[in-house]
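Single-letter residue listing:
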Amino acid sequence: MKTESPVIATEIASDNGSPALVPATHSSAALKVGDRKPKANEGIFALFLPNRRVALPLLVAVGLFEAALFVGLWMLSPYEVLPTPLEVLLALQRLWMTQGLGQELATSFGLNLQALLWSSVISLGLAYLTVLPVFRPLVAAISKGRFLSLAGFTFIFTLMVGGGRPLQVTLLTFAITVFYVTSMASVIAAIPRSEFEHARTLHMSEGRIVWEVVILGTADKAFEVLRQNAAMGWMMLSLIEGIVRSGGGIGAMLLAESKHFALAEVFAIQLVILIVGMVQDYGIEWLRRLLCPYSVLTLERK
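Residues numbered from 1 in each chain as written. Predicted model: local features only at pLDDT ≥ 70, side-chain atom pairs only at ≥ 80, totals over all residues. Heavy atoms only, no water.

1. Quick notes on the overall build of the protein
And step 1. Check the secondary structure of the protein and you find 11 helices and two strands.
And step 2. Among the 302 residues that make up the protein, the fraction classed as buried is 41%.
And step 3. Counting only carbon and sulfur atoms, one obtains 69% of the accessible surface of the protein, whose full area is about 17400 Å². (Helix = DSSP H or I, 4+ residues; strand = E, 2+ residues; numbered from the N terminus. Buried < 20%, exposed > 50% of the residue type's maximum accessible area, 1.4 Å probe, protein only. Areas by Shrake-Rupley, 256 points an atom, 1.4 Å probe, with all protein chains shown as cover.)

Next up, the structure:
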């Protein structure tokens, strides 16, 4: 079943015999359904034409070529102060074997997961409560917190939770929540009116509509927003662990190496953060596909 609506709702029978709604789409589906097959005379030039469907092996080859080009430009950089790829790898070995990089990475990864868990519970709860008009001003006010600096909340949160790891978790949770709740509130506000009317024609109660259309209907988008904010959390990690260094973490190590202008070590730590962040990103995407398999049914580009 295909439709141009951002959310596809298919009527099925639930366990008690009453109709239910199964939404089926992915938040980025609009980016993946507009490609056309290349014409016979376009060949490799299809890579440079808009909205063309290109074979996966060709895209992989292009990606490898661009990666090799980047490494080549890096090695030939005229800036002698920049470390070479070999120096970065040697620095990574030293950090891992002698300076406890693995332990600090585990500390930061645990911090990120804790903050993601708390921010998901808080943000989703607040976003779903926007179905009640009384909570909409509160959610709008919380979303404006994304303009504020974390440094201004350090003292307040210290009074509330103390220092060390609890303070790190609180700061990172706040930093993720203000963006997560903003995105999820926008997702819920973008639900087409037709979805609500469809549910009402099936004689659902308003509470059942909230469950089927608002909560289940945006579950796959909640994972997508989580994936984006998890990446944002890694960007904020060094700032928070730098503010609260007593809790340790890879961010504190990064700031210490940067202070001493050890660029090879800085690049090595950044490389580790990049790899771990990408693994986490693919993990959340895998979880979305596992729990919301309907979200990929409308994708045409393979």
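Let's pick the thread back up.
2. Details of unusual backbone geometry
And step 1. With a phi close to 60°, H203 is a non-glycine residue in the positive phi region.
And step 2. Inspection of the secondary structure assignment puts H203 in the loop between α7 (193–201) and α8 (206–215).
And step 3. A residue is classified by how much of its surface remains accessible, and H203, at 73% relative accessible area, is exposed.
And step 4. The phi dihedral of F261 falls on the positive side, at around 60°, and the residue is not glycine.
And step 5. With respect to the helices, strands and loops of the structure, F261 is situated in the loop between α10 (250–259) and α11 (263–291).
And step 6. With a relative accessible area of 55%, F261 lands in the exposed category.

3. Observations regarding the environment of L291
And step 1. Considering the arrangement of structural elements, one finds L291 in helix α11.
And step 2. Sequence separation between L291 and F223 is 68 residues, and the spatial gap between their C-alpha atoms is 9.7 Å.

4. Quick notes on the nonpolar core
And step 1. If you look at the biggest cluster of nonpolar residues, it comprises 58 residues, and the most contacted ones within it are L101, L172, Y180, M184, I250, I269 and V272.
And step 2. If you tally residues by element for this core, the top one is helix α6 (residues 164–189), at 12 residues.
And step 3. Residues contacting L101, with those up to four places away along its chain left out, are L92, L95, W96, I250, M253, I269 and V272. (Core = buried A, V, L, I, M, F, W, Y, C linked by side-chain atoms within 4.5 Å. Contact = heavy atoms within 4.5 Å.)

5. A few points about the packing of aromatic side chains
And step 1. One pass over the full model with this rule turns up six aromatic pairs.
And step 2. Aromatic side chains F70 and W74 sit 6.2 Å apart centroid to centroid with 45° between the ring planes, which places their arrangement in the tilted category. Linking F70 with W74, this pair stays in helix α1 (residues 56–75), spanning four residues, or about one helical turn.
And step 3. The exposure class of W74 is partly exposed, given its relative accessible area of 23%.
And step 4. By way of ring pairs, the aromatic residues F70, W74 and F267 are connected into one cluster. (Phe/Tyr/Trp six-rings, centres within 6.5 Å; stacked < 30°, edge-to-face > 60°.)

6. Quick look at α10
And step 1. Every buried residue of α10 is listed here: I250, G251, A252, M253, L254 and E257.
And step 2. Elements in contact with the buried residues of α10: α2 (85–98), α3 (101–128), α9 (219–243) and α11.
And step 3. Where α10 terminates, the next one or two residues include F261, which has phi positive at roughly 60°.

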